[in-house]
Amino acid sequence: QEHIEGAVNIPLGKLIRDLSKGIIPRDKHIVVHCKSGVRGSIASDFLRGKGYTNIQNLEGGFDDWECSNG
């Protein structure tokens, strides 16, 4: 329902399942987020474990982002 402009929606399960298909570029700065920050943290840890180095998690997720930008 809610969306950060320019963001690409990839659910955590799809990220884990399809990462080997190249769905996340290694040459770009990636900011991971979810609604509250928990799944975003899992996703960023997963990506770092797969060798991604330019990853950030949006602390507090969409909820905090929306409060500070709304």
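1. Examining the side chain of Ser44
By the secondary structure assignment, Ser44 is in helix α2 (residues 38–49). In contact with Ser44, other than residues within four places in its own chain, are Val32, Ile55 and Asn57.

2. Regarding the pattern of salt bridges
One pass over the full model with this rule turns up 4 salt bridges. Between Asp18 and Lys14 there is a salt bridge, and its shortest N-O distance comes to 2.9 Å. Here Asp18 pairs with Lys14, and both are found in helix α1 (residues 12–18), just 4 residues apart, close to one helical turn. Owing to a relative accessible area of 7%, Asp18 belongs among the buried residues under this scheme. We note a salt bridge from Arg17 to Asp18, for which the minimum N-O separation is 3.6 Å. When salt bridges with common partners are traced through the structure, they connect Lys14, Arg17, Asp18 and Lys21 into a single cluster.

3. Let's talk about the environment of Gly51
Within the secondary structure, Gly51 is located in the loop between α2 and β2 (55–57). Residue classification places Gly51 among the partly exposed positions, given a relative accessible area of 43%.

Cut-off values and rules
- Residues numbered from 1 in each chain as written.
- Predicted model: local features only at pLDDT ≥ 70, side-chain atom pairs only at ≥ 80, totals over all residues.
- Heavy atoms only, no water.
- Helix = DSSP H or I, 4+ residues; strand = E, 2+ residues; numbered from the N terminus.
- Contact = heavy atoms within 4.5 Å.
- Salt bridge = Lys/Arg side-chain N within 4 Å of Asp/Glu carboxyl O.
- Buried < 20%, exposed > 50% of the residue type's maximum accessible area, 1.4 Å probe, protein only.

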